[in-house]
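What follows is the residue order along each chain.
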Amino acid sequence: MRLHALRGSSLAVLACVLAGSLALSACATTGGEDKPAADGSSDVEARQPLARGLDYAANPDPFPSTYRGLPRENMAIVGGTVFDGAGRKIENGVVIVTDGKVAAVGDASTPVPGGHRVVDARGRFVTPGIIDVHSHLGVYPSPGVSGMSDGNEATNPNTAQVWAEHSLWPQDPGFNAARAGGVTTLQILPGSANLFGGRGVTVRNVPSVTMQGMKMPGAPYGLKMACGENPSRVYGGRNTSPATGMGNVAGYRAAFIAAREYKAKWDKWRDDGEGSPPTRNLQLETLAGVLDGSVLIQNHCYRADEMAVMIDIAKEFGYRITAFHHAIEAYKVAPLLAREGICADMWAGWWGFKMEALDAVEANAALVDAPQGSCAVIHSDDAELTQRLNQETAAALAAGRRMGMNISEERAISWITLNPARSLGIADQTGSLEAGKRADVVIWSANPFSVYARADQVFIDGGLSFDRMNPAYQPLSDYELGQPGFGLSAANVPQGAR
Amino acid sequence: MRLRNLILGAVCAAALTSPAFAQSLTAITGGRVLTGTSVIENGTVVIQNGRVVSVGTGAAPSGARVIDARGKVVAPGFVAVDSGLGASEISSVGGSDDQSNGANSISASFDVSYGLDPWSFTLPVARLGGITRAIVVPSHPGGGGGNHRDDGDADFAGVGSAGLQAPSLFAGQAAIIHLAQGTDILVKPRVAMVAPFGEAGAGVAGGARGAEFTQFKETLAEVRLYARNKAAYDRAGLRDLSLSRADLEALIPVANGSLPLIVTVHRAADIQQVLRLAREEGVKVILDGAEEGWLVADQIVAAGVPVLLNPISNLPGDLETRAVRMQNAAVLDAAGVVIAIKGNEGSIHRARETRYNAGNAVSHGLPYGAAIEAITVNPAKIFGMAGQFGELRAGAAADVVVWSGDPLEPLSIAETIFIGGAEQAPTSRQFLLRDRYRDGGEGAMPPAYSR
């Protein structure tokens, strides 16, 4: 959390702080890109602005979030067992939600403000909304048919210029299914065919006609990178580079050399205003964002030895790796990851589907979690698994306990709440039930570490987004309307749509 | 020292699986016993000579080794259906995959039992998930359940889930295995034929469903012609047939209804057509997949056809699964259909998730007892092994697992595992790796020096 404490401010502000090494006109005029420089106090600032779209800094957020949040009411969730996501377990707890934020969390003595609706959670469990750091919902949607497969721009090993949000189909029924499993925030990533797959986007899991309506305000972008078998198989199979692990590394380094030069040119031009401005390049712009810290590295990387190489590349070029995804062998370098402050985003049960997934162990998360300063995350990469991240975490917890590790449930729940928030740079906004954070809350029918637990109600920013008992809060995407089985109840049990 | 430990360990492992050990009289007492069809509180399960001797509430027989299962749950070993255990080691490494076959002269006659590897490292992992038997099937398009994408891996591989392995309508023949340590895991070969229908099957036939049904009928006609005229066939006195002799031979028991045909099919409309085809041709079918089965549950039960299903399939991943629901298992069971619950991703590496899938079916309306049946007695029944395994009752194979709690819960652990009466070492390659890095792997000696 400490490591990401600075990452929560809005992207626009962040971009200004980080991209502008000196006081720059662009930051003062974000959103008014055609206006002249701010005060004309120097030659540099007095120069003509670039034509619209040619200066990143003039409009660093060109696809801004229009997320508004669902209608909400102030409430007090009382009587449940609360896992706050930050390590606390409170029996008979009280969670106060005011204006879409967590106002207070405490035991039964916590006062309920007047006017707050009381939600009875006796016999039930209350957790933060689940965060899935690795999803392809919307970019590899259901149906996964020809014409809908938009997750891998597998045309060049470096496609840092593409953004997953431009492939995201908000009508993917998988979003609704994930919400019924308690998922309130997801990072939608491009696939792993390329060394640089493109930017991911963090979304609030609310139904929306547009991508922008889901996009999480202020969440930093991630850049999907991929180690290992996938890029070398895809491009080696075409007899182009990279065909090997060493080809992969040469590709990363060449890209960051170019990005350093690109950034230096822009920095110099902003600094002295001499000569022609550099030509804007979307690919290098994203990589330069990595170098200035505004874009977080989300690195698909299975093997421990490859993680160590990636860490050295980051040091060579002066950037940070935020998370290794799939991280099958993270347990082999758990102390290293903790020292470097890198999250390991993992499965519990997936293994053996390829060589780099051979050494998977179910106790991976438990072993990664053990060192001081660690950041263990359970993720899905799968439209089915994302609906049951609580069960995957239970399996990971059981594996740790089986080897004698003493891990509490209130600790393990952080693997799908606070730690994924850290892994996305949004831990100051969500991921735990702590005063001031977004009121992303799940009320479970039973202990979420039980296979029988169902998400009864799911609140996003304090708004009821799903209610297992009330069909009015079980949204259906446009795609689901009128399809076979539509309108028929499959069995006489309280349920979500699917 | 290390060598001596190794030898001791080997001796120990051998003892655990030796026939002598399997023959010893053992009583598991005090647990909550799930027999497969009922529950006995504070029950006693007695095993000897590889079989269950008795299941009840009596005291342990004198002289028996007693395993105290108080506070624990005792259950039959689970049976993985639609599985690749022992037939595929690492999915992406073709040479280690003996589950699929591309030769066009060996399709129906393809027999997975020859490729089974008792030393497969997938077996101990599945075993720790409570799996003690498996129905190993040839891989086939449209099958598997529980998709795995690895960030869209399948997408750039050039084939989707309906990628075709063989030009024939038939993928080959399934086998039953047990998962005990030892040198032979085969229980029974050639227990069922496998054929994909729906989009995948249509793709084999040329693209349209109508073509596949026509080709299927024509193939059975050829099989029957061959069966009636083998002598003429052998002296080349029969018209040309579209299958090899081996395939024709393998299909005779399918054509005469004695060997079940596992039909992978998803769409309700296709299920109806398959049921009609089975009726018209006298073929005995087992439906596999059947995601939209709940829409035609009455027709499935009327046909007396069992279903292998994955209850967590709830997303309309293609246009033949648009009506998928988590409640499919509950609806089919309530209608009276015999169901078996599958594991994930072809039940090889993730066969151990079979029990979680059963648990999720329960949380979506399937009675608990029915969920247990769907991973124990029902698979045995569907594949003609009723009473022989998958059940704790006198005479059945002693596949017994002692669980720390409810076996459908991820937090529960399989503590003691017997297969055919032989106690299995509670370890796997994954456990060895895990233990090697227990303390972070940064000691003075590299992890490679630890065993």
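Residues numbered from 1 in each chain as written. Chains lettered and ligands numbered in written order. Predicted model: local features only at pLDDT ≥ 70, side-chain atom pairs only at ≥ 80, totals over all residues.

The helix and strand tally for chain B stands at 15 helices and 16 strands. Looking at the 451 residues of chain B, the share that counts as buried comes to 57%. A sequence separation of at least 24 residues applies to 71% of the contacts in chain B between residues at least 6 apart. (Helix = DSSP H or I, 4+ residues; strand = E, 2+ residues; numbered from the N terminus. Buried ≥ 20, exposed ≤ 12 C-beta atoms within 10 Å, placed from the backbone. Contact = placed C-beta atoms within 7 Å.)

It is worth spelling out the pairing of strand E14 (residues 400–403) of chain B at this point. Residue and element names in this part refer to chain B. A two-sided burial pattern is seen for E14, the buried positions comprising Val400 and Val402 on one face and Val401 and Trp403 on the other. When E14 meets strand E15 (residues 414–419), the two strands line up antiparallel, connected through 4 bridges. Across the sheet, Val401 pairs through a bridge with Ile417, a residue of E15. (Pairing = 2+ DSSP bridges.)

This part covers the environment of B:Val307. All names here are of chain B. Note that Val307 resides in strand E12 (residues 307–309). Here the alpha-carbon distance between Val307 and Val338, two residues 31 residues apart in the chain, equals 6.4 Å. Not counting the four nearest positions on each side in its chain, Val307 is found in contact with Leu287, Ala290, Gly293, Ile300, Leu332, Val337 and Ile339.

Take the sheet that holds strand E13 (residues 339–341) of chain B next. Residue and element names in this part refer to chain B. Overall, mixed pairing links the 8 strands, which are arranged E6-E7-E8-E9-E10-E11-E12-E13 in an open sheet. Where the open sheet ends on each side, the last strands, each with one partner, are strand E6 (78–83) and E13. Taken pair by pair, the neighbouring strands of this sheet meet at an average axis angle of 25°, ignoring direction. Note: strand E10 (residues 261–265) against strand E11 (residues 285–289), 5 bridges, orientation parallel. (Axes fitted to C-alpha atoms, helices over the stretch in contact; angles between N-to-C directions.)

What follows is about the packing of helix H6 (residues 245–272) of chain A against helix H7 (residues 282–291) of chain A. Residues and elements named next belong to chain A. It is at 8 Å that the axes of H6 and H7 come closest, and there the two elements cross at 85°. Taken together, the axis directions place H6 and H7 in an arrangement best described as roughly perpendicular. Where H6 abuts H7, its residues Ala255, Phe256, Ala258, Ala259, Arg260, Tyr262 and Lys263 lie against Leu284, Leu287, Ala288 and Leu291. Of the residues in the contact of H6 with H7, the class split is 9 nonpolar, no polar and 2 charged. (Parallel < 35°, antiparallel > 145°, perpendicular 65-115°, else oblique. Nonpolar A, V, L, I, M, F, W, Y, C, P; charged D, E, K, R; others polar.)

It is worth spelling out the domain arrangement of chain B at this point. All names here are of chain B. The assigned domain composition of chain B is domain 1 (1–76 + 390–451) and domain 2 (78–389). Secondary structure elements with two or more residues in the side of domain 1 that touches domain 2: E15 and helix H15 (429–436). In terms of residue class, the side of domain 1 that touches domain 2 is built from 14 nonpolar, 10 polar and 4 charged. (Domains from an automatic or database assignment.)

Right, let's get into helix H9 (residues 268–281) of chain B. Residues and elements named next belong to chain B. Its 14 residues place the ends of H9 20 Å apart at the C-alpha level, agreeing with the 20 Å of an ideal helix rising 1.5 Å per residue. Among the residues making up H9, those that are buried are Ala268, Asp270, Ile271, Val274 and Leu275. Mapping the buried residues of H9 onto a view down its axis gives an arc of 155°, with all of them on the same face. Where H9 is buried, its residues contact helix H5 (198–205), helix H6 (209–228), E10, E11 and helix H10 (297–303). Looking one or two residues beyond H9, the residue adopting positive phi is Gly282, at roughly 70°. (Expected span 1.5 Å × (residues − 1). Arc of directions from axis to C-beta.)

Glancing now at the confidence of the model for chain A. Residue and element names in this part refer to chain A. For chain A, mean pLDDT is 91; residues scoring 70 or higher make up 89% of the total. Ranking the elements of chain A by mean pLDDT puts helix H2 (residues 25–28) last, at 36, and strand E5 (residues 125–128) first, at 99. Confidence drops under a pLDDT of 50 for residues 1–42, and excluding neighbours within four residues, the segment shows 70 contacts in the predicted structure. (pLDDT = per-residue confidence, 0-100.)

Right, let's talk about the sheet that holds strand E10 (residues 295–300) of chain A for a bit. All names here are of chain A. Read from one edge of the open sheet, 8 strands run E6-E7-E8-E9-E10-E11-E12-E13, paired in mixed fashion. Both edges of this open sheet fall to strand E6 (130–135) and strand E13 (376–378), since each of them pairs with a single strand only. The mean inter-strand angle of the sheet, taken between neighbouring strand axes irrespective of direction, is 25°. The sheet contact formed by strand E8 (residues 196–204) and strand E9 (residues 221–226) spans 4 bridges and is antiparallel. Directly across from Gly198, in E9, lies its bridge partner Lys224.

Turning next to the nonpolar core. For soluble globular proteins, the rule of thumb is that nonpolar side chains tend to be buried together. Counting residues in hydrophobic clusters, the biggest one holds 266 residues, and the most contacted among them are A:Val95, A:Ala344 and B:Leu85. Sort the elements by how many residues they give to this core and helix H11 (residues 389–402) of chain A lands first, with 7 residues. No fewer than three residues from each of domain 1 (1–76 + 390–451) and domain 2 (78–389) of chain B sit in this core. The contacts of B:Leu85, once residues within four sequence positions are left out, are B:Ala80, B:Thr122, B:Leu123, B:Ala126, B:Ala134, B:Val136, B:Ile177, B:Leu179, B:Ser347, B:Ile348 and B:Ala351. (Core = buried A, V, L, I, M, F, W, Y, C linked by C-beta atoms within 7 Å.)

This next bit is on unusual backbone geometry. Both trends apply: most residues other than glycine have a negative phi, and most peptide bonds are in trans. Residues A:Ser142 and A:Pro143 are joined by a peptide bond in cis, for which omega reads 0°. Tracing the backbone shows A:Pro143 in the loop between E6 and helix H4 (173–180). Cis peptide bonds are those with omega within 30 degrees of zero, and the linkage from A:Ser241 to A:Pro242 qualifies with 0°. Relative to the helices and strands, A:Pro242 is located in the loop between helix H5 (229–236) and H6. A positive phi is found at A:His326, a non-glycine position, where the angle reads about 75°. You can see A:His326 is positioned in the loop between strand E11 (321–325) and helix H9 (334–340). The phi angle at B:Glu345 is positive, at roughly 50°, despite the residue not being glycine. Relative to the helices and strands, B:Glu345 resides in the loop between E13 and helix H12 (354–362). Taking the number of C-beta atoms within 10 Å as the measure of exposure, B:Glu345 has 23 and is therefore buried.

This brings us to the interface of chain B and chain A. When the parts of a complex come together, some accessible area is lost, and that lost area is often used as the size of the interface. Contacts between chain B and chain A engage 59 residues on the former and 61 residues on the latter. Residue assignment for the side of chain B that touches chain A shows that the elements contributing at least two residues are helix H4 (153–157), helix H11 (328–335), H12 and H15 of chain B. The element best represented in the side of chain B that touches chain A is H12(B), accounting for 4 residues. Broken down by class, the residue content of the side of chain B that touches chain A amounts to 24 nonpolar, 20 polar and 15 charged.

With that out of the way, let us pick up the pairing of strand E1 (residues 26–34) of chain B. Residues and elements named next belong to chain B. Where burial is concerned, most of E1 is hidden: 7 out of the 9 residues are buried. Bridge analysis of E1 against strand E4 (residues 65–68) gives 4 bridges, and the strand direction is parallel. Its bridge partner being in E4, Thr26 is matched across the sheet by Arg65. Pairing geometry for E1 and strand E2 (residues 39–48), over 7 bridges, is antiparallel. Note that in E2 the partner of Gly31 across the bridge is Gly43. Taking the residues that link successive antiparallel strands as the turn, the E1-E2 hairpin has 4 residues, and the phi of Gly36 there is positive, at about 115°.

A separate point is the packing of H6(B) against H9(B). All names here are of chain B. Their axes nearest at 12 Å, the elements H6 and H9 cross at an angle of 15°. Taken together, the axis directions place H6 and H9 in an arrangement best described as roughly parallel. Relative to H9, the crossing made by H6 is right-handed. Contact residues: H6 offers Arg209, Phe213, Phe216, Lys217 and Leu220, while H9 offers Asp270, Gln273, Leu277 and Glu281. Tallied by class, residues from the contact of H6 with H9 come to 4 nonpolar, 1 polar and 4 charged. (Left-handed = near helix turned anticlockwise from the far one by under 90°.)

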